[in-house]
Amino acid sequence: MLFDFANVLVFTALGLGFVGVNLLIGKLLRPANPQTRKLSTYECGEPAMGSAWVNFNIRFYIVALIFIIFEVEIAFIFPVATVFRRWVEGGVGVYALVEILLFIGILFLGLVYAWVKGDLEWVKKVKT
Amino acid sequence: MKPLINSLPETVFTTKVDEILNWGRASSQWYMLFGLACCAIELMQTGGPRADLDRFGAVPRATPRQSDLMIVAGTLTYKMAKRTKLLYDQMPDPKYVISMGSCSNCGGLFQLAYSVCKGVDKIIPVDVYVPGCPPRPEALTEGLLRIQDKMMSERWLVKPSRPAEERAEA
Amino acid sequence: MDAQEIFATLETQFAGKVGDFKGDVFEPYLSVDGASIVEVCRFLRDGAGMNFAVLSDLTALDWPKEEKIQVVYHLFSYAHNHQIVLKVDLPRDNPKIATVEGVWKVANWFEREVYDLFGVIFEGHSDLRRIMLPEDWLGYPLRKDYVEQEEYDGISTQRAPLVEKLLR
């Protein structure tokens, strides 16, 4: 089994090596001419003013949060799916099914809450 | 580590490598969309389907950071000249400039106006001038091919034939 | 209403402040006294039968021999489909006039353009600065005695003398 890990090591080394060699070739073959004006921030020809760190909309965070929660849920369901056949053969298939459905159901209640509260809408309706 | 630019001796092998590198550069000139006036329409059409610039590998980029060719298409005013210089400075080396149309060659039709810069070569170094008002797409394509010829004849890794001091005097 | 009637109405309302009507041209014009331009414009915009709701254009002319700068207002009415042109004479060495920005909002940009190209100061304007030329430009280009500056921003404004080059 240890030999299988050597497989992974060789592939990782090849991948990193390929990227590294390409970057090295680039470094050797391209001109290096840094000038102050060349390194200045690009703002369509005008001198840049102010900070580029602006507040961005909170809905990106909400979408990312909901995505992560359900992605982790999927990650937990995968192992159940792989061993499900063995549990069915062992006679306790119903138990496993009910357990996993309960897990999905709890998270589904969370989704329903977010849905009802309007957090899944990209453009929120303003109460007039 | 220092780049190998202009540092290798002139042998059969290194000049061939130079040719391959130059061929790679010349066949993928990414031009910066710098259409200022009517020549911009012809520039867009040259990039369009009928007189295709994409078949030469030239794709339009909106930002100077990703382009190595600047096609100045249109009348340059003094107000715009400052911004043009900054955008040219923000392009990474090696960079080339095509001056498209009479207005950017010499001020063109509006040479006697108070607000028109009499040619873009007053602020940035130009490699190829394409005359016309506006130049036909075929003319601009020829300009691009001349830049290709210029690129192919450059020495990239090989040492230049004259030392740097002599070259700087020219 | 045709132009003659408009002039007659204006004469009865603002006697002595309007005059010099010329009706037999394609765009009839009349001249208005500079000090009362705002009230005349307000009357033209709001008056019954007038309703000049639109200021089509506001430009200027430079008359160096008569030593005046003439500001020209083109007014149009969609309600009655008539138009009129007003001309105001200003002294060339100190061209100042009240702004009509309060009457038509579009006069904001028109007056900035006239200031940019002729140097006419519009008193009461909310934001009188150059609109087309760069902020640090010297001089007013559309005046007849305008001389280009030698250099702007390090760029020479002189062009090669072409005729001599060709004759050589």
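Residues numbered from 1 in each chain as written. Chains lettered and ligands numbered in written order. Predicted model: local features only at pLDDT ≥ 70, side-chain atom pairs only at ≥ 80, totals over all residues. Heavy atoms only, no water.

Novice: Help me understand the arrangement of the chains in this model?
Specialist: Ranked by contact count, the leading pair among the 2 pairs of chains in contact consists of chains A and B. In this assembly chain A lies apart from chain C, the nearest approach of their C-alpha atoms being 13 Å. (Contact = heavy atoms within 4.5 Å.)

Novice: Looking at this model, I keep getting lost on the environment of L87(B). Mind explaining?
Specialist: Within the element layout of this structure, L87(B) appears in helix 3 (residues 78-89). Between the alpha carbons of L87(B) and P64(B) there is a distance of 6.3 Å; along the sequence they are 23 residues apart. Not counting residues up to four positions away in its chain, the partners in contact with L87(B) are Y42(A), C44(A), G45(A), M32(B), F34(B) and P64(B). (Helix = DSSP H or I, 4+ residues; strand = E, 2+ residues; numbered from the N terminus.)

Novice: For this particular structure, what's the right way to read the packing of helix 1 (residues 3-13) of chain C against helix 2 (residues 37-46) of chain C?
Specialist: Two packed helices can be described by the angle between their axes and the distance between those axes. All names here are of chain C. In contact at an axis separation of 12 Å, helix 1 and helix 2 are set at 130 degrees when each is read in the N-to-C sense. Taken together, the axes of helix 1 and helix 2 are oblique relative to one another. When you trace helix 1 past helix 2, the crossing you get is right-handed. Residue-level inspection shows I6, T9, L10 and Q13 of helix 1 in contact with helix 2, the latter providing V40, F43 and L44. In terms of residue class, the contact of helix 1 with helix 2 is built from 5 nonpolar, 2 polar and no charged. (Axes fitted to C-alpha atoms, helices over the stretch in contact; angles between N-to-C directions. Parallel < 35°, antiparallel > 145°, perpendicular 65-115°, else oblique. Left-handed = near helix turned anticlockwise from the far one by under 90°. Nonpolar A, V, L, I, M, F, W, Y, C, P; charged D, E, K, R; others polar.)

Novice: Mind showing me how you'd approach the packing of helix 1 (residues 12-26) of chain B against helix 5 (residues 137-152) of chain B here?
Specialist: Residue and element names in this part refer to chain B. The interhelical angle for the contact between helix 1 and helix 5, taken along N-to-C directions, is 155 degrees, at an axis separation of 9 Å. Here helix 5 runs roughly antiparallel to helix 1, going by the angle between their axes. Here helix 1 and helix 5 pass one another in a crossing that is right-handed. Contacts from E19, N22, W23, R25 and A26 in helix 1 reach Q148, M151 and M152 in helix 5.

Novice: Is there a simple way to explain the nonpolar core in this structure?
Specialist: A general trend in soluble globular proteins is that nonpolar side chains are found buried together. By size, the foremost hydrophobic cluster in this structure holds 37 residues, and its most contacted members are L58(C) and Y73(C). Once you skip the residues sitting within four places of it in the chain, Y73(C) turns out to touch I37(C), L55(C), D57(C), L58(C), I84(C), V85(C), L86(C), V88(C), I97(C), A98(C), V100(C) and F122(C). Residues L76(B), L87(B), V120(B) and L133(C) belong to the second largest nonpolar core, which totals 21 residues. (Core = buried A, V, L, I, M, F, W, Y, C linked by side-chain atoms within 4.5 Å. Buried < 20%, exposed > 50% of the residue type's maximum accessible area, 1.4 Å probe, protein only.)

Novice: In this structure, what is going on with a nonpolar patch on the surface? I would like to understand it.
Specialist: Residue and element names in this part refer to chain A. Together, F56, F60, V63, W122 and V123 make up a nonpolar patch on the protein surface, roughly 560 Å² of accessible area in all. Take F60: it is sitting in helix 3 (residues 59-89). Taking the relative accessible area as the measure of exposure, F60 reaches 46% and is therefore partly exposed. (Patch = residues over 30% accessible without salt bridge, like charges linked within 9 Å, V, L, I, M, F, W, Y side chains within 5 Å. Areas by Shrake-Rupley, 256 points an atom, 1.4 Å probe, with all protein chains shown as cover. Salt bridge = Lys/Arg side-chain N within 4 Å of Asp/Glu carboxyl O.)

Novice: I tried to follow helix 3 of chain A on my own but got confused; where do I start?
Specialist: In an α-helix, one turn spans 3.6 residues, which is why side chains three or four residues apart end up on the same side. Along its 31 residues, helix 3 of chain A runs 46 Å from first to last C-alpha, staying within 8% of the 45 Å computed at 1.5 Å per residue. In the structure, helix 3 of chain A departs most strongly from a straight axis at V83(A), where the bend amounts to approximately 50 degrees. (Expected span 1.5 Å × (residues − 1). Bend = angle between axes of the 7 residues up to and from the residue.)

Novice: What am I meant to see in the sheet that holds strand 2 (residues 29-32) of chain C here?
Specialist: Neighbouring strands of a sheet are bound in pairs by backbone hydrogen bonds; such pairs are parallel or else antiparallel. Residues and elements named next belong to chain C. Taking strand neighbours across the sheet as the criterion, the 5 strands line up as 1-2-5-4-3 in an open arrangement whose pairing is mixed. Across the chains shown, the open sheet's two edge strands, defined by having one partner strand only, are strand 1 (18-22) and strand 3 (54-63). In this sheet, neighbouring strand axes are inclined to one another by 25 degrees on average, regardless of whether the strands run parallel or antiparallel. Sheet analysis places strand 2 next to strand 5 (residues 82-91), joined by 3 bridges and oriented parallel. Among the inter-strand pairings, Y29 is bridged to a residue of strand 5, identified as V85. Seen against the sheet, helix 1 touches strand 1, strand 2 and strand 5 and runs at an angle of roughly 170 degrees to strand 1. Of the strands in this sheet, strand 2, strand 4 (68-77) and strand 5 are in contact with helix 2, which crosses strand 5 at around 175 degrees. (Pairing = 2+ DSSP bridges.)

Novice: For this particular structure, what's the right way to read the interface of chain C and chain B?
Specialist: When the parts of a complex come together, some accessible area is lost, and that lost area is often taken as the interface size. Contacts between chain C and chain B engage 18 residues on the former and 13 residues on the latter. Interface area for chain C against chain B, summed over the two sides, is near 1200 Å², with a carbon-plus-sulfur share of 65%. Three residues stand out in chain C for area buried against chain B, namely W137(C), I155(C) and R159(C), and they jointly supply 39% of the buried area on that side. At the boundary of chain C and chain B, one finds 0 salt bridges. Where chain C meets chain B, there are 1 residue pair in polar contact (both at pLDDT 80 or more). Across the side of chain C that touches chain B, the residue classes break down as 12 nonpolar, 3 polar and 3 charged. (Buried area = accessible area lost by both parts, 1.4 Å probe. Polar contact = N/O pair within 3.5 Å; in protein donor to acceptor, adjacent residues only side chain to side chain.)

Novice: Is there a simple way to think about the sheet that holds strand 5 (residues 128-130) of chain B in this case?
Specialist: Residue and element names in this part refer to chain B. Here we have 5 strands laid out as an open sheet, ordered 2-1-3-4-5, and parallel in their pairing. Edge strands, defined here as strands with exactly one partner in the open sheet, are strand 2 (60-61) and strand 5. Along the sheet, helix 2 (residues 39-46) makes contact with strand 1 (31-35), strand 3 (69-73) and strand 4 (96-100), crossing strand 3 at roughly 135 degrees.

Novice: I'm lost on the interface of chain B and chain A in this one. Help?
Specialist: Taken together, the contact pairs 23 residues of chain B with 18 residues of chain A. Carbon and sulfur atoms make up 56% of the area that chain B and chain A hide from each other, which totals about 1700 Å². Per-residue buried area on chain B facing chain A is highest for M1(B), L86(B) and D93(B); these three make up 29% of the total on that side. For the interface between chain B and chain A, the tally reads 3 salt bridges. Linking R83(B) and E46(A) is a salt bridge whose minimum nitrogen-to-oxygen distance equals 2.9 Å. Connecting chain B to chain A are 10 residue pairs in polar contact (both at pLDDT 80 or more). Considering each element in turn, the side of chain B that touches chain A owes the most residues, 5 residues, to helix 3 of chain B.

Novice: Just checking my understanding: could you explain unusual backbone geometry for this structure?
Specialist: If a residue is not glycine, its phi is most likely negative; likewise, a peptide bond is most likely trans. D93(B) connects to P94(B) through a cis peptide bond whose omega is -10 degrees. Tracing the backbone through its elements, the reader meets P94(B) in the loop between helix 3 and strand 4. A positive phi is found at C44(A), a non-glycine position, where the angle reads about 55 degrees. By secondary structure assignment, the location of C44(A) is in the loop between helix 2 (36-39) and helix 3. Here N81(C), not a glycine, exhibits a phi torsion of approximately 55 degrees, which is positive. Mapped onto the secondary structure, N81(C) falls in the loop between strand 4 and strand 5. The exposed category is assigned to N81(C), whose relative accessible area is 61%.

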